[in-house]
Amino acid sequence: MKLHFLRYFVVLAEELHFGRAANKLAITQPPLSSAIKSLEEELEVQLLIRDSKHVELTQAGTAFLDEARQILEQVARASNVAKIVARGMRGRLEIGVTGSLVYREVPAIVKQFNAEMPGVDVVLREMSSADQLNELLRGQIHAGFVNASTVPPQLVSLPMGEDEFVLCLPEDHPKAQGDAVDLIQLADERFVMFSRDVAPANHDNVIAIFSRAGIHPKTAHAARQWLTIIAMVANGLGVSLVPRTLARSRVHGVKFMRISGEQVLSPAMLVWNPAYYLPTVRSFIECSERILTRK
């Protein structure tokens, strides 16, 4: 069955006039009449009653009209899907993210991208910064939100908004008063540290803070997730330095306090591999850049 015969029939069924239908289809009446006759012969039913004065649908024609419209709509949808896929605007994006960055711009970026590209499924995978960089190099994820200030030369990055390290203390700690604490006052405390193999940039920044304050921290515990660190602090297992945005986690039993006279940024960036730069990845980067530059 020829699709253009279906289109001819639908237009004629709506106009119920060969002249008007032919004009709407930008053809002459003879090929329109011939197409309808061929369609009826193929179906072995009469679709239209026509004479020199009027055209009307038979009962079979009315039923066929509904089906023909659905077929044409489905063909149009299939055509659109094919075009979307050809442009790379449909599919699945695997995006890495560290636990702390879920409390920053990442949710807003994903929500905006979902609104702009509903045909693309974004799957967030919580991973360490080191694991993300390794998987980006191998093309196993499409992009990643990492805690880092530098990336391997094969990768490209977009800086995220600034965040800073703050102190995380048990809420009943003697120093958990006011808004800021001099780090030297905590020289004898036991610190819960972030494992260096998970995010070297975070670990090294924290060590740099201690070094400038003249402190050699006593490491009580090492953790691989920021929320694990905060939970340890809440349970009295030590104190820690964490990114300020983790205050949004609303973990009970801790207080976040600024370090007196000290502001050390917690670096973060969106990273991707140009060797695997699909159209969907480009769209995700562009959406991210719009969100990040608003900050």
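Scroll up a little and you will see the structure.
Residues numbered from 1 in each chain as written. Predicted model: local features only at pLDDT ≥ 70, side-chain atom pairs only at ≥ 80, totals over all residues. Heavy atoms only, no water.

A. View of the nonpolar core. Of all hydrophobic cores here, the largest spans 33 residues; its most connected members are L183, F210 and L241. Mapped by element, the contributors of at least two residues to this core are β7 (165–170), β9 (190–194), α7 (200–213), α8 (226–234), β11 (240–243) and β12 (254–259). Excluding its chain neighbours within four sequence positions, the residues that come into contact with F210 are L183, F191, M193, I215, P217 and L241. Core analysis: the second largest hydrophobic core is formed by 24 residues, V110, V120, V122 and A268 among them. (Core = buried A, V, L, I, M, F, W, Y, C linked by side-chain atoms within 4.5 Å. Buried < 20%, exposed > 50% of the residue type's maximum accessible area, 1.4 Å probe, protein only. Helix = DSSP H or I, 4+ residues; strand = E, 2+ residues; numbered from the N terminus. Contact = heavy atoms within 4.5 Å.)

B. Structural detail: the environment of V198. Along the polypeptide, V198 turns up in the loop between β9 and α7. Under the relative-accessibility criterion, V198 is labelled buried at 3%. With 70 residues separating them along the chain, V198 and S128 place their C-alpha atoms 5.3 Å apart. Among residues more than four places away in sequence, those in contact with V198 are S128, S129, A130 and R224.

C. Spatial organisation of the environment of E286. Turning to its location among the elements, E286 is positioned in helix α9 (residues 279–292). Taking C-alpha positions, E286 is 9.4 Å from F113, a pair spaced 173 residues apart along the chain.

D. How the structure looks around the pairing of strand β5 (residues 143–146). Here β5 shows two buried faces, one formed by A143 and F145 and the other by G144 and V146. In this structure, strand β3 (residues 91–97) lies alongside β5, joined through 3 bridges in parallel fashion. Looking at the pairing, G96 lines up with G144 of β5. Bridge count for β5 against strand β13 (residues 269–272) is 4 bridges, and the pairing is antiparallel. Along β13, the bridge assignment pairs A143 with W272. (Pairing = 2+ DSSP bridges.)

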